[in-house]
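The chain contents come next:
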Amino acid sequence: MKRKRSEAHKLVYRLILKSLVFCLWGIVAGGIQTSQAQNKIDTYLSFQGQARMDSLLLLQHLVWYNIDSTTAFAQIDIIKKHGLQSNDQLLAIYADFLKTYYLLGGKQKNLEAAYARFQNVSKKLKKLPESALKTALMAEVEHSMGVTLYLTHDSTSKCINHLLAADLAFRKIGYEHFTFAGYRFTYLALYYLKRASDPETALKYLKEGETYIQNDPVDFHRIQLYRNIALCLVEKKQYKEAIRYNQLGIAQVRTRKDSLRIGALNGNIGEIILVHFPNPKEAEPYFKKELWYRLRFKPDGYGDISKLYSNLCQVAGHKRSPEEVAHYYNQAIKIAELNTDKTAWYPTLSDIYRSRMIADTLLGDYKSALKHEFLFQDAQSKIKKEDLSKSAIEASVRFDSEKLKLQAELANQQTQNSRFWVAFVSLLLLVTLLVGYFIYYRLQTRREELARQLLFEQKEAERLAELDTLKTRFFTNISHEFRTPLTLLLSPLQDLQKEFPGRTIFQMMQRNAERLLSLISQLLDLSKLEAGKMEVQLQEGDLSQFLQYIFSSFESLGQDKNILFQYQQSREHQFAYFDADKIEKITTNLLSNAFKFTPENGRVQIRADYTDTSLLIEVKDYGIGIDKERLPKIFERFYQIDDSTQRHYEGTGVGLALVKELVEVLGGTISVASELGRGTTFTISLPTEFLDKKPENGPNTLHFNNTAKVSDNVLENKAANEEEYPVLLIVEDNADLRAYIRSQFESTFFIIEAKDGKDGLEKALETIPDLAICDLMMPHLDGFEFCKQLKTDMRTSHIPVVMLTAKAAMEDRLVGLELGADDYLSKPFNTDELQIRVRNLIKIRENIHQKYNAPKLLTTEVEPAIQPQTHDKEFLEKINHVLDNNISNSTFEMDNLAKILSISSTQLRRKLKALTNQTIIEYVRNYRLDKAAQMLKNGDGSVSEIAYKVGFESLSYFSKVFQERFQQSPSDWK
């Protein structure tokens, strides 16, 4: 879809740009005739949907913004006329939107009138029936209203409300569907940066906009986004990155009308270097480049040019050049005096005096520096005075009325009071009024800020709540979809078990399918709880016997894991109204967790006590415990204490969250206490209505049955002879999967099983298998570490490893292969594929055997395609080096070789057999014969001499075995 959409966008842009050539030519020539404009606009109107809206908005940016409003509006009226004639009300309203949009950035813009006109467009839109295009246009209108209020410096919360409403609407549709998506983040980010002083949030929005901005055909949009990113990075003190983004903005300038922005961005770079870099003199070329562009393209920008000269004055101070300091200072003052905007005088003069003060200080002219510091402080005070003057107007009016009243009173007492006291009282009254007004103004401003912040937080909360609702609905729907195919798996499996009761694989399949169904049911329960649709289903029954049945079902699990399981209740029989399903889920989840986190030879206890109005359940284990930092998070959804690849315990992070919410549905409470290394205790209190006698059988009477035992033991080995079959090591922490893999290979391999990575490494070192199949995520030692240790140990480095994992990402595959894994399969895997890959690895090993079995002098110079691994090659070279040193020693035995290599005789025998398919005796004899053949070729002695040199005491035996290996006698070979 994205490819089609991008191709459609490219088509739109080509047609628009082709038409723009004619439009621009018409403008230069003196205007476009109505008929010509009609023909060009008809091209854009031939598009449909969002493509038509985007193409017309692009025309607005590239053509109508650059012409007078009369001509632009006349052309836009063609669009409105077409909409009215074709009964396309949305297109007619869009024409009104384009006219108003012109007021934001056109040649004759009018920001003051724009907001009211956007409101009228919004009112018209609301009367139309709902559609995707209406929603898209409403989002554009909301965004434009927010931009208008931002540009007019509106101090109310309406600006951010419009921008956030637009953002929410754009996200509902998908930003990727809009040509100008990247630019839509600009003013939302500017609000957070300038108004809310929150560069972190501003940068987050701008970075999101950056992912879309390259598709925006308007250069100015890219320039502005990169410039604003740079401003955020300066606030975050990431100055080098800020310079990089200013340079990216410069790279976007391709038209003459944007050339001034090159200067502005160079000025930004210069200010970063001047203020934050160790060598401020490096800022000078950037300021000079900005000055060139400003004098060339906007010589009447007096405020910007005077500030630029003041920056150059400060750079001259760093250069220790008094002449340049004086020159740039005088130029700055001269340009500032040309500015007709009197409100900008004091801010401009403040910058100039500050730069001169810094420059004089660097030059050592402290007298001049002090003088300009006074001028700077004076300008600052006047700026503050102007800011306060507006606030003082209202206070002044009140003061005048009070003053007149006071003067009348003072006239009667003039003979009794001196002028000093009259002046004092007047001054005191004035100060009181000003202070009172100042306090009132600050409080009012603070209230407005708090109101804006509260409204923003409400909008943000609504947006997050909507996203959360969408995610919950998705999980609910997909969980429901899973239940249908699972039902179609479970029912036939039950039939197959009845038909083939001796086939254990069907039991294993049903057990795991039911486990998956249980997990899906938990997700459904969570969605019901969140939607408020989980209701209490009370039934009559013997609560004590029901809990006894649940407790006893865990006895077999305790026996399998060698864990002491103790359970007791305060009453043998207790009839009550209770929700059996929820109590069962609460109890089984807590007990499953207790067994999961308790090691072998540990203990798990559960106790149920009945009071007059409630049921108390306490589940206690003596396992690993939970540290204090993690304890508050254990009831959060999908939270897991151990989320590494070496997880000791399986789980999804759903169980405890479900338990807590089910307890709350039943009106109860749950608490937890834990100590690291000592164990954990969960305590539950459930309000319960007890019965005095056994209930009669009825529709709400509870009946329950026993469940079957699940074993986790390692199976006995069915293969008969380790020497007869290749040895296969299966390292997998899931007992069912381990048994299934075993069933696929037990007819052709001698099988060794290991229940985790640590156990697998110990058995690999002990038995030296021919091949290993291992899981990635395992307790104690994960698959990556198992493979790494196996491949870096000289005794086991030759063993091929097939890694099985649910992590199918390319990064995980590359890590596994880099650590030495010979093959990599993703779960769920195809058993035929697994068997073929295992056979191929065994075949590769046989090819290496043939290489080492062949006489050395009979092999060609070309290296075989299959090469032994580096560790294996080093191992054989080490053996050969030992044999070279003992070549003439006929009594040199296997034990001597194993001792020198620092490994056991059994490990040496197994590894050498795996690498060369030869026994140690065969390998040593063939190595001696290859040496003898080489010496005979070189003429290093007679047959008998060479036979003794290579360790043969019997010449006849030497001749016999030489004939067998090379099909020639030693004398003929020579």
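Residues numbered from 1 in each chain as written. Predicted model: local features only at pLDDT ≥ 70, side-chain atom pairs only at ≥ 80, totals over all residues. Heavy atoms only, no water.

1. Thoughts on helix 11 (residues 219–235)
- Across its 17 residues, helix 11 extends 25 Å between first and last C-alpha, which sits within 8% of the 24 Å expected from 1.5 Å per residue.
- Helix 11 sits mainly inside the fold: twelve of its 17 residues count as buried.
- Within helix 11 the residues assigned to the buried category are Asp 219, His 221, Arg 222, Ile 223, Gln 224, Leu 225, Tyr 226, Asn 228, Ile 229, Ala 230, Cys 232 and Leu 233.
- Note on helix 11: the residue one or two positions beyond its end, Lys 237, has a positive phi of about 65 degrees. (Helix = DSSP H or I, 4+ residues; strand = E, 2+ residues; numbered from the N terminus. Expected span 1.5 Å × (residues − 1). Buried < 20%, exposed > 50% of the residue type's maximum accessible area, 1.4 Å probe, protein only.)

2. Overview of the sheet that holds strand 8 (residues 689–690)
- Taken in spatial order, the three strands of this open sheet run 1-3-8, and their pairing is antiparallel. Only two strands of the sheet have a single neighbouring strand rather than two, namely strand 1 (539–542) and strand 8.
- Examined bridge by bridge, strand 1 and strand 3 (residues 575–578) share four bridges and lie antiparallel to one another. By the bridge assignment for strand 3, Gln 539 is matched with Phe 578.
- In the packing of helix 21 (residues 543–552) onto the sheet, contacts are made with strand 1, strand 3 and strand 8, and the angle to strand 1 comes to roughly 75 degrees. (Pairing = 2+ DSSP bridges. Contact = heavy atoms within 4.5 Å. Axes fitted to C-alpha atoms, helices over the stretch in contact; angles between N-to-C directions.)

3. Structural notes on the environment of Pro 828
- Looking at the element boundaries, Pro 828 is found in the loop between strand 13 (823–826) and helix 29 (831–853).
- Under the relative-accessibility criterion, Pro 828 is labelled exposed at 79%.
- Spatially, the C-alpha atom of Pro 828 lies 8.4 Å from that of Thr 805, the residues being 23 residues apart in sequence.

4. Digging into the sheet that holds strand 9 (residues 727–731)
- Across the sheet, five strands lie side by side as 10-9-11-12-13; this open sheet has parallel pairing. Of all strands in the sheet, those bounded by a partner on one side alone are strand 10 (750–754) and strand 13. Strand after strand, the sheet turns through a mean of 20 degrees between neighbouring axes, direction not considered.
- Pairing of strand 9 with strand 10 involves five bridges; the strand directions are parallel. When the bridges of strand 10 are listed, Val 727 appears paired with Phe 750.
- With respect to the sheet, helix 25 (residues 735–745) is in contact with strand 9, strand 10, strand 11 (771–775) and strand 12 (801–805), its orientation differing from that of strand 10 by roughly 170 degrees.
- Along the sheet, helix 27 (residues 783–792) makes contact with strand 9, strand 11, strand 12 and strand 13, crossing strand 12 at roughly 170 degrees.

5. Details of the pattern of salt bridges
- Evaluation of the coordinates by the stated rule reveals 32 salt bridges.
- Here Asp 96 makes a salt bridge to Lys 80, at a shortest N to O gap of 3.1 Å. Of this pair, Asp 96 sits in helix 5 (residues 89–105) while Lys 80 sits in helix 4 (residues 69–85), and the two are 16 residues apart along the sequence.
- Here Arg 222 and Asp 219 are joined by a salt bridge, their closest N and O atoms 2.4 Å apart. Of the two residues, Arg 222 and Asp 219 both sit in helix 11, three residues apart, roughly one turn of that helix.
- Among the residues examined, Asp 219 registers a relative accessible area of 9% and is labelled buried.
- Among the charged side chains, a salt-bridge network with shared partners connects Glu 284, Lys 288, Lys 319 and Glu 324. (Salt bridge = Lys/Arg side-chain N within 4 Å of Asp/Glu carboxyl O.)

6. Focus on the environment of Leu 564
- Along the chain, Leu 564 turns up in strand 2 (residues 564–569).
- Note on Leu 564: relative accessible area 46%, which makes it partly exposed.
- Linking Leu 564 and Gln 605, residues 41 residues apart in sequence, is a C-alpha distance of 8.4 Å.
- Residues in contact with Leu 564, not counting those within four places in the same chain, are Gly 602, Arg 603 and Val 604.

7. Considerations on the nonpolar core
- Trp 64, Ile 79, Phe 97, Leu 98 and Leu 137 are the most contacted members of the largest nonpolar core, which totals 106 residues.
- Broken down by element, this core gets its largest block of residues, eleven residues, from helix 5.
- Two domains share this core, each providing at least three of its residues, namely domain 1 (44–169) and domain 2 (180–252).
- In contact with Phe 97, not counting residues within four places along its chain, are Leu 57, Phe 118, Val 121, Leu 137, Glu 140, Val 141 and Ser 144.
- Ranked by size, the runner-up nonpolar core spans 40 residues in total, among them Ile 563, Phe 565, Ala 576 and Leu 590. (Core = buried A, V, L, I, M, F, W, Y, C linked by side-chain atoms within 4.5 Å. Domains from an automatic or database assignment.)

8. Some points on a nonpolar patch on the surface
- On the surface, a cluster of nonpolar side chains totalling about 540 Å² of accessible area is made up of Leu 427, Val 431, Val 435, Phe 438, Ile 439 and Leu 443.
- Structurally, the position occupied by Val 431 is in helix 19 (residues 419–499).
- Among the residues examined, Val 431 registers a relative accessible area of 41% and is labelled partly exposed. (Patch = residues over 30% accessible without salt bridge, like charges linked within 9 Å, V, L, I, M, F, W, Y side chains within 5 Å. Areas by Shrake-Rupley, 256 points an atom, 1.4 Å probe, with all protein chains shown as cover.)

9. Quick notes on the pairing of strand 10
- Buried residues dominate strand 10, accounting for five of its five residues.
- Across the two faces of strand 10 the burial is the same, with Phe 750, Ile 752 and Ala 754 and Ile 751 and Glu 753 all buried.

10. Some details on the side chain of Asp 823
- Looking at where Asp 823 falls in the secondary structure, it is placed in strand 13.
- Residue class for Asp 823 comes out buried when judged on its relative accessible area of 16%.
- Separated by 2.5 Å, the side chains of Asp 823 and Arg 837 make a polar contact. (Polar contact = N/O pair within 3.5 Å; in protein donor to acceptor, adjacent residues only side chain to side chain.)

11. Section: the UniProt feature "modified residue: 4-aspartylphosphate" (unreviewed entry) in the chain
- The feature "modified residue: 4-aspartylphosphate" (unreviewed entry), as annotated in UniProt, sits at Asp 775 in this numbering.
- Position of Asp 775 among the secondary structure elements: in strand 11.
- Among the residues examined, Asp 775 registers a relative accessible area of 5% and is labelled buried.
- Non-local contacts of Asp 775, meaning those with residues more than four positions away in its chain, are made with Val 731, Glu 732, Asp 733, Gly 783, Leu 804, Thr 805 and Lys 827. (UniProt positions renumbered as here; feature names shortened; annotations may be inferred.)

12. Some details on the pairing of strand 5 (residues 614–621)
- Relative to strand 5, strand 4 (residues 603–610) runs antiparallel, the two being bridged by seven bridges. Paired with Val 604 across the strands is Asp 621, a residue of strand 5.
- Once strand 4 ends, the chain turns through three residues before running back antiparallel as strand 5.
- Strand direction decides the pairing type here: strand 5 and strand 7 (residues 679–687), joined by eight bridges, are antiparallel. Within strand 7, the position partnered with Ser 614 by the bridge is Pro 687.

13. Quick word on the environment of Ala 95
- Along the chain, Ala 95 falls in helix 5.
- Sequence separation between Ala 95 and Phe 73 is 22 residues; the distance between their C-alpha atoms is 9.1 Å.

14. Description of the packing of aromatic side chains
- Counted according to the given criterion, the structure contains 26 aromatic pairs.
- Ring centres of Phe 97 and Tyr 101 lie 5.5 Å apart, and the angle between their planes is 40 degrees; this geometry places the pair in the tilted category. Pair noted here: Phe 97 and Tyr 101 are both in helix 5, with a separation of four residues, about one helical turn. With respect to burial, Phe 97 and Tyr 101 carry one shared label: buried.
- An angle of 5 degrees between the planes, with centres 5.8 Å apart, marks the rings of Phe 554 and Phe 595 as stacked. In this pair, Phe 554 sits in the loop between helix 21 and helix 22 (555–560) while Phe 595 sits in helix 23 (residues 580–596), placing the two residues 41 residues apart along the sequence.
- The class of Phe 554 is buried, set by a relative accessible area of 8%.
- Here the aromatic residues Phe 170, Tyr 175, Phe 178, Phe 185 and Tyr 212 are joined through ring pairs into a cluster of three or more.
- In this structure, Arg 244 is placed above the aromatic ring of Tyr 245, and the distance from its NZ or CZ to the ring centre is 4.7 Å.
- Note that Arg 356 overlies the ring of Tyr 329, its terminal NZ or CZ placed 4.7 Å from the centroid. (Phe/Tyr/Trp six-rings, centres within 6.5 Å; stacked < 30°, edge-to-face > 60°. Lys NZ or Arg CZ within 6 Å of the ring centre and 35° of its normal.)

15. As for unusual backbone geometry
- Although it is not a glycine, Asn 87 sits at a positive phi angle of roughly 60 degrees.
- Inspection of the secondary structure assignment puts Asn 87 in the loop between helix 4 and helix 5.
- On the basis of relative accessibility, which here comes to 63%, the residue Asn 87 falls in the exposed class.

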